[in-house]
Amino acid sequence: MARVTEPSRYGDGVAVVVVTYFPGEDLDRFLDSLEKATSRDVHVVVADNDSTDDALDRAEKRKNTHVLRIGENLGYGGGANRGVATLDDSYGWIVIANPDLEWEPGSLDTLVEAGQRWPRGGAFGPLIRDPDGTVYPSARLLPSLGRGVGHAVFGKIWPANPWTRAYRQEHAAPAERTSGWLSGSCQLIRREAWDSVGGFDTRYFMYFEDVDLGDRIGRAGWHNVYVPSAAVTHIGGKATSRAPKKMLAAHHDSAYRYLADRHRGLAWKPVLAAVKLGLKLRLKFETRGK
C-alpha cells in the first residue's frame, strides 16, 4: 500500500546546521558563500564540538547566526542532532553540513526547489567537487556485505575493482536521481523525514553516520535524491588530517558497526569475525610507520 503523505506541521523556513570542530577560516568561507547560495533569509546554527578558536566569535557577530557551544565533542552526528533540536517548527528544511565547504551561487535555492518537486524526497544532496574541480562520488549505493568487503579490501590496492566501482557509482551520469545514500558533508533534509528516523544514530562518532541515515531514510519510505544542478566545493577536513591513524580506526569501527547492525544472528557471526579481522589487518597495513 502506498504511504499517505500527511500535511506538514512545519513551516517552509530553511535552517543550516553546520557542525564544527576547530573550523578556523573554513567557517568564514562557508558563511560568506552561503549568503550567495540562497535568496532566502536562512537561520544558521553553528553546532560546535568544543572548539576554542576565534572563528566562533566571528560567527556570532553575523546576522541570523546562533553559535551553540556544546561543551564536549559529540562527533558529527551528535553535534548535528543537538543543532537541529534548537530549531522551532517554522523550519521545515534543514541543511546539515561541514564547515569546509564553499557554496556555488544559488545552490541552496536549487536544492529546495528539488525538494518541492519530490514530495517523497527525504534528503537531497548536491554535486560535490574537490578543490581541483573533480566531481566527488557523493551519491552511492548502500554497501551490501559483498560490496562493502570488496571495497574495503581492494579499494586502495585495486581502485578499479568491480565492488568499488559499483559502490561509488563513479561512472553514473550526473543526473537528478535517487540514491542509496548521500554524502553527509552537505545534505538538505525534509524535517518530517528527519523526525521519522530520529536524526543521526549517535553510536557513529565519525564516518558511516551518513550511510546509516540514508539507509534508514529509505526504509522509512522516503527517497535520497541526488541533485547535481546544485553544487558545492569540499575543501577537505582538518579534523581528519589532525590524526589520520585515529580517523582510519574510527572509519573501520563504524564500517563494522554498520554491517553488524544489518547482519544479526548466529549464522553471521563467523562472517563478521572475518570482516573484523580483515579491517584490523588493513588498519595495520595502512598505518605502518605512522
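For the structure, see preceding data.
Let me sum up the structure you'll find in this document. Keep in mind that what you see is a predicted model, and the values were worked out from it rather than measured.

Within the chain, the secondary structure is distributed over eleven helices and twelve strands. Residues counted as buried form 51% of the 290 residues belonging to the chain. Long-range pairs, those at least 24 residues apart, make up 77% of the contacts in the chain with a sequence separation of at least 6.

Another aspect to go through is the pattern of salt bridges. Inspection of the entire model under this criterion finds 19 salt bridges. In this structure, the salt-bridge partner of aspartate 212 is arginine 262, at a minimum N-O distance of 2.8 Å. On the criterion of sequence distance, the pair formed by aspartate 212 in helix α8 (residues 209-219) and arginine 262 in helix α10 (residues 244-262) is long-range, its members being 50 residues apart. Across the pair aspartate 215 and arginine 219 runs a salt bridge, and its minimum N-O distance is 3.0 Å. Of this pair, aspartate 215 and arginine 219 both sit in helix α8, four residues apart, roughly one helical turn. Here arginine 219 falls in the exposed class, since its relative accessible area comes to 64%. Via salt bridges that share partners, Asp212, Asp215, Arg216, Arg219 and Arg262 belong to a single interconnected network.

Let us look at α8. Within α8, nine of the eleven residues are buried, which leaves the element mostly enclosed by the surrounding structure. A positive backbone phi angle near 95 degrees is found at glycine 221, which sits one or two residues after α8.

It is worth spelling out the packing of aromatic side chains at this point. Inspection of the entire model under this criterion finds six aromatic pairs. With 6.2 Å between their ring centres and 65 degrees between their planes, tryptophan 93 and phenylalanine 124 make a pair best called edge-to-face. Of this pair, tryptophan 93 sits in strand β4 (residues 91-97) while phenylalanine 124 sits in strand β6 (residues 121-129), and the two are 31 residues apart along the sequence. Neither tryptophan 93 nor phenylalanine 124 differs from the other in exposure class; each is buried. Arranged with centres 5.7 Å apart and planes meeting at 85 degrees, the rings of tryptophan 194 and phenylalanine 200 form a pair that is edge-to-face. Residue tryptophan 194 is classed as buried on the basis of its relative accessible area of 6%. According to the relative accessible area criterion, phenylalanine 200 is buried, its value standing at 4%. Sitting over the ring of tryptophan 222, arginine 120 keeps its end group 3.7 Å from the ring centre.

Looking along a regular strand, one sees side chains alternate from face to face of the sheet. Extensive coverage of β4 is indicated by the burial of seven of its seven residues. The sheet contact formed by strand β1 (residues 13-20) and β4 spans six bridges and is parallel. Note that in β4 the partner of valine 18 across the bridge is alanine 97.

This part takes up helix α4 (residues 107-117). Most of α4 sits inside the fold, with eight of its eleven residues counted as buried. Where α4 is concerned, the buried positions are Ser107, Leu108, Asp109, Thr110, Leu111, Val112, Ala114 and Gly115.

Ranked by size, the top nonpolar core spans 32 residues in total, and within it Phe30, Leu34, Trp103 and Leu108 carry the most contacts. Looking at this core element by element, the count peaks at five residues for helix α1 (residues 25-37). When near neighbours in sequence (up to four residues on either side) are disregarded, tryptophan 103 contacts Phe30, Ser33, Leu34, Ala37, Val95, Leu108, Leu111, Cys186, Ala231 and Val232. Within the second largest apolar cluster, 29 residues are counted, among which are Ala47, Ile94, Ala193 and Ala220.

Note on placement: valine 19 falls in strand β1. Distance from valine 19 to serine 185, taken between C-alpha atoms, is 9.6 Å for residues 166 residues apart in sequence. Those residues within four positions of valine 19 in sequence are excluded, and the remaining contacts are Ala47, Asn49, Gly75, Tyr76, Gly79, Ala80, Ala97 and Pro99.

It is worth spelling out unusual backbone geometry at this point. Of note in this structure, phenylalanine 22 is not a glycine but carries a positive phi near 50 degrees. Looking at phenylalanine 22, the relative accessible area reads 23%, which means it is partly exposed. Notably, phenylalanine 208 is not glycine yet its phi reads approximately 70 degrees, a positive angle. By relative accessible area, phenylalanine 208 is classed as buried at 12%.

What follows concerns the pairing of strand β12 (residues 223-234). Among the twelve residues in β12, nine count as buried, and that is most of the element. One ladder, built from three bridges, connects strand β5 (residues 101-103) with β12; its direction is antiparallel. Along β12, the bridge assignment pairs glutamate 102 with threonine 233. One ladder, built from eight bridges, connects β6 with β12; its direction is parallel. Across the sheet, glycine 125 pairs through a bridge with tyrosine 226, a residue of β12.

About the criteria used
- Residues numbered from 1 in each chain as written.
- Predicted model: local features only at pLDDT ≥ 70, side-chain atom pairs only at ≥ 80, totals over all residues.
- Heavy atoms only, no water.
- Helix = DSSP H or I, 4+ residues; strand = E, 2+ residues; numbered from the N terminus.
- Buried < 20%, exposed > 50% of the residue type's maximum accessible area, 1.4 Å probe, protein only.
- Contact = heavy atoms within 4.5 Å.
- Salt bridge = Lys/Arg side-chain N within 4 Å of Asp/Glu carboxyl O.
- Phe/Tyr/Trp six-rings, centres within 6.5 Å; stacked < 30°, edge-to-face > 60°.
- Lys NZ or Arg CZ within 6 Å of the ring centre and 35° of its normal.
- Pairing = 2+ DSSP bridges.
- Core = buried A, V, L, I, M, F, W, Y, C linked by side-chain atoms within 4.5 Å.

As far as function goes, none of this settles anything; it's purely spatial.
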